[in-house]
Amino acid sequence: MGLEKVCRAGVERVELQQLDNMIMPPMLSDAKDRWIWAMDGLGKFTVASLKKLRQDNRFEPAPYVIKRNNWVPRKVDILAWRAELDRIPTRCALIRRNINVMSNLCPLCSEYPETVEHLFISCEFAQMVWNVVSQWCKLGPVFAFGMRDILDGHSYVSGSPKLKKAFHAVCLTTLWCISKSRNELVFQQKHSSLQKVVGDIKALSLLWVRARSK
Ligand SMILES: [Zn+2]
C-alpha cells in the first residue's frame, strides 16, 4: 500500500507534498557559486536596502551589560553600574528632577556643569587622577569619552585575564574614590588633594584585590 493511499483529505496531501519536498535531495547546477543578500527580496546588496533595514530597526544594538568584578566590594560595583546608567545624583541630574540646587557647576573644579561624564572623566581633577593611576599601572594615558570607555578599558590592556581583572578593579576603585572625594567636599566641606585621592585608590585597590583574589 502506497503512502499516498492512506491520505484522506487535501490537507494531508499538502503535508505529504511538503514532506516529500523536504527530504528531496538539493538540486545542484553547474552555475558558479555567488553571494546572495538575504535581507532583500531581490537577493542583491544595495546601500539603500541596508539603510532601510537600519530605519526598520532590524539591526538593534545589543543591550550593554556591565561587567561585574568580585575583587571589589559590591557597593563599588553598584556605583559603577549607576554611573553608567546616569543614576548618580550629580547637580545636573538633580536639576533635571526639579530639585533646587544652588548651582549646576562641578564642586571639584567650579568650571563646568556637573554631569556623570564630567565628574568621572573630563573634570580636570578626574583627569589628573586617571593620569597618576595609569602611570601607577604602567599603562599609557587613559583616553575616555564616556563611562563605557572606563568600564571596558581593561579589555584592551595586554596581559593575562587576571591582570585585566585587576586593572578593572583599579578603575572601579578610582570611580569610587572620585565619588567619595566629591561627596566629602559637598557634604562635609572637606577638600581632598590629588595625593590623598590617589593614595586612597592605591591602598583600597591593593587591599580589596589581595583579599578577594587569593
Ligand atoms: Zn569639574
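Worth saying up front: this structure is predicted, and the values here are computed from it rather than measured.

**Student:** How should I be thinking about the overall build of the protein in this particular structure?
**Tutor:** Tallying secondary structure elements over the protein gives 9 helices and 0 strands in all. Secondary structure elements of the protein occur, N-terminal to C-terminal, as α-α-α-α-α-α-α-α-α. Taking 17 Å as the expected radius of gyration for a compact globule of 214 residues, we find that the protein reaches 29 Å, considerably beyond that expectation. Considered along the principal axes of its C-alpha atoms, the protein spans approximately 95 × 45 × 40 Å. The buried share of the protein, reckoned over its 214 residues, is 32%. Taking contacts inside the protein between residues at least 6 apart in sequence as the whole, the part at least 24 apart equals 56%. Accessible area for the protein stands at about 15300 Å²; split by element, carbon and sulfur atoms hold 57% of it.

**Student:** What am I meant to see in the coordination of the zinc ion here?
**Tutor:** Six octahedral donors around a metal ideally subtend angles of 90 or 180 degrees, whereas four tetrahedral donors ideally subtend 109.5 degrees. Protein-derived ligands of the zinc ion are Cys106 (SG), Cys109 (SG), His118 (NE2) and Cys123 (SG), with the metal-ligand distances lying across 2.1 to 2.4 Å. Because the angles between the 4 donor atoms bound to the zinc ion fall within 102 to 118°, the donor set is best described as tetrahedral. Going along the chain, you hit the donors of the zinc ion in the pattern C-x2-C-x8-H-x4-C. You'll find cysteine 106 and cysteine 109 in the same group, each marked buried.

**Student:** What exactly am I supposed to notice about the nonpolar core here?
**Tutor:** One recurring pattern in soluble globular proteins: nonpolar side chains tend to sit buried together. In this structure, Phe120 and Leu175 are the most contacted members of the largest nonpolar core, which totals 37 residues. Those elements that provide at least two residues to this core are helix 3 (74-84), helix 5 (116-122), helix 6 (124-136), helix 7 (147-152), helix 8 (161-188) and helix 9 (194-213). For phenylalanine 120, the contacting residues outside a window of four places in its chain are Ala83, Ile88, Ala126, Trp130, Met147, Leu175, Ile178 and Ser179.

**Student:** Honestly, the pattern of salt bridges in this entry has me stumped. Any pointers?
**Tutor:** Side chains carrying opposite charge are able to pair once their charged atoms draw close together. A complete count under the given rule lists 6 salt bridges for this structure. Here aspartate 86 ties to arginine 96 by a salt bridge, and the two come within 3.3 Å at their closest N and O atoms. A residue pair is termed long-range when its members are at least 10 positions apart, and aspartate 86 in the loop between helix 3 and helix 4 (91-96) and arginine 96 in helix 4 qualify at 10 residues. The exposure class of arginine 96 is exposed, given its relative accessible area of 54%. Across the pair lysine 180 and glutamate 184 runs a salt bridge whose closest N-O atoms are separated by 3.3 Å. Residue lysine 180 and its partner glutamate 184 are both found in helix 8; the two are separated by 4 residues, about one turn of the helix.

**Student:** Would you explain the UniProt feature "domain: Reverse transcriptase zinc-binding" (unreviewed entry) in the protein in this entry?
**Tutor:** Taking the numbering used here, the UniProt-annotated feature "domain: Reverse transcriptase zinc-binding" (unreviewed entry) corresponds to residues 69-130. Each end of residues 69-130 is marked by a C-alpha atom, and these two atoms are 19 Å apart; helix forms 50% of the span and strand 0%.

**Student:** What exactly am I supposed to notice about the environment of cysteine 171 here?
**Tutor:** Inspection of the secondary structure puts cysteine 171 in helix 8. Along the primary structure cysteine 171 and lysine 32 are separated by 139 residues, whereas in three dimensions their C-alpha atoms are 54 Å apart. Setting aside chain neighbours within four positions, we find cysteine 171 in contact with Trp130 and Ile150.

Reading guide: rules and limits
Residues numbered from 1 in each chain as written. Predicted model: local features only at pLDDT ≥ 70, side-chain atom pairs only at ≥ 80, totals over all residues. Heavy atoms only, no water. Helix = DSSP H or I, 4+ residues; strand = E, 2+ residues; numbered from the N terminus. Rg over C-alpha atoms; globule rule 2.2 N^0.38 Å. Buried < 20%, exposed > 50% of the residue type's maximum accessible area, 1.4 Å probe, protein only. Contact = heavy atoms within 4.5 Å. Areas by Shrake-Rupley, 256 points an atom, 1.4 Å probe, with all protein chains shown as cover. Donors = N, O, S within 2.8 Å, 3.2 Å for Na, K, Ca; no water. Tetrahedral: all angles 85-135°; square planar, octahedral: opposite > 155°, others 65-115°. Core = buried A, V, L, I, M, F, W, Y, C linked by side-chain atoms within 4.5 Å. Salt bridge = Lys/Arg side-chain N within 4 Å of Asp/Glu carboxyl O. UniProt positions renumbered as here; feature names shortened; annotations may be inferred.

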